[in-house]
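# Understanding the architecture of this molecule
For reference, the chains in residue letters:
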Amino acid sequence: IVNSETGALEDIQVTNHQYLAGNPEEFYLAYTSLLNVWAKWDLSVSDLNLYSYLCAHYANGTAFNISEYVKKDVANISGRSPSSFNNSPRALLAKGLIVKVANKTYKINPRYIFKGSSANRNKALFEILQVNKDA
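Reading the values: the criteria
Residues numbered from 1 in each chain as written. Predicted model: local features only at pLDDT ≥ 70, side-chain atom pairs only at ≥ 80, totals over all residues. Heavy atoms only, no water. Helix = DSSP H or I, 4+ residues; strand = E, 2+ residues; numbered from the N terminus. Buried < 20%, exposed > 50% of the residue type's maximum accessible area, 1.4 Å probe, protein only. Contact = heavy atoms within 4.5 Å. Areas by Shrake-Rupley, 256 points an atom, 1.4 Å probe, with all protein chains shown as cover. Polar contact = N/O pair within 3.5 Å; in protein donor to acceptor, adjacent residues only side chain to side chain. Expected span 1.5 Å × (residues − 1). Pairing = 2+ DSSP bridges. Core = buried A, V, L, I, M, F, W, Y, C linked by side-chain atoms within 4.5 Å. Arc of directions from axis to C-beta.

### As for the overall build of the protein chain
Helix and strand counts for the protein chain come out as five helices and two strands. Starting at the N terminus and ending at the C terminus, the protein chain contains elements arranged as α-α-α-α-β-β-α. A burial count over the protein chain gives 32% of its 135 residues as buried. Contacts spanning at least 24 positions in sequence make up 50% of the contacts within the protein chain whose residues lie at least 6 apart. On the protein chain, roughly 8,700 Å² of surface is accessible, and the fraction owed to carbon and sulfur atoms is 50%.

Below is the structure:
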């Protein structure tokens, strides 16, 4: 930031964040929708709802499985039926937004979103690339 009185550059550390969309879930839905438009992936609304939910809960590199509980939780938030998310994991895998790390276990691809430091993101990206060469 430039000091308006002296013209000097000042290093200011941000200690709090505010989601412009209102809450983290709305932010991630807006983010993933824009990502879908920019990348021209043509994901369905269900795919975007599931991906935004996964980003809000697992963007820190935590492994997850897309269980019936997760589908019901996303359905509750989005107003859709749990079965509307049955094909979404396959679509998210095909676009590289999530990567398979074990049987029925996935991680968010840190290329597109990661919650944490740059060093931790780079480490997570390296680990994902070791497991899945197509990520």
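Okay, back to it.
### Here's the deal with the side chain of Ser88
When you line up the elements, Ser88 lands in helix H4 (residues 88-94). Judged by relative accessible area, which is 1%, Ser88 ranks as buried. Separated by 2.7 Å, the side chains of Ser88 and Asp47 make a polar contact.

### Looking at helix H2 (residues 45-58)
Under the 1.5 Å per step criterion, the end-to-end length of H2 is 20 Å for 14 residues, consistent within 8% with the ideal 20 Å. When you tally the buried positions in H2, you get eleven out of 14 residues, the bulk of the element. Listing the buried residues of H2 in full gives Ser46, Asp47, Leu48, Asn49, Leu50, Tyr51, Ser52, Tyr53, Leu54, Cys55 and Tyr58. Along its buried surface, H2 packs onto helix H1 (24-39), helix H3 (68-78), H4, strand S1 (98-102) and strand S2 (105-108).

### Digging into the pairing of S1
In this structure, S1 lies alongside S2, joined through four bridges in antiparallel fashion. Within S2, the position partnered with Ala102 by the bridge is Thr105. Adjacent in sequence and paired antiparallel, S1 and S2 are bridged by two residues, among which Lys104 carries a positive phi angle near 60 degrees.

### Here's the deal with the nonpolar core
Core analysis: the largest hydrophobic core is formed by 25 residues, its most contacted members being Tyr51, Leu54, Ile98 and Ile108. If you list the elements that add at least two residues to this core, you get H1, H2, H3, H4 and S2. With seven residues, the top contributor of residues to this core is H2. Here Tyr51 is in contact with Thr32, Leu35, Leu92, Leu97, Ile98, Ile108, Tyr112 and Ile113, once residues within four sequence places are set aside.

### With respect to unusual backbone geometry
With a phi angle near 60 degrees, Asp42 is a residue other than glycine that sits in the positive phi range. Tracing the chain through its elements places Asp42 in the loop between H1 and H2. In this structure Asp42 comes out as exposed when scored by relative accessible area, which is 70%. Despite not being glycine, Lys104 shows a phi value in the positive range, around 60 degrees.

### Details of H3
Note: α-helices contain 3.6 residues per turn, so residues at a spacing of three or four share the same orientation. Among the residues of H3, those classed as buried are Val70, Lys71, Val74 and Ala75. Down the axis of H3, the sector holding all buried residues measures 135 degrees, keeping them to one side. With respect to the buried face of H3, the exposed residues turned more than 90 degrees away are Tyr69, Lys72, Asn76 and Ile77. Looking at the buried residues of H3, the elements they touch are H2. Once H3 finishes, Gly79 follows within two positions and takes phi at roughly 80 degrees, a positive value.

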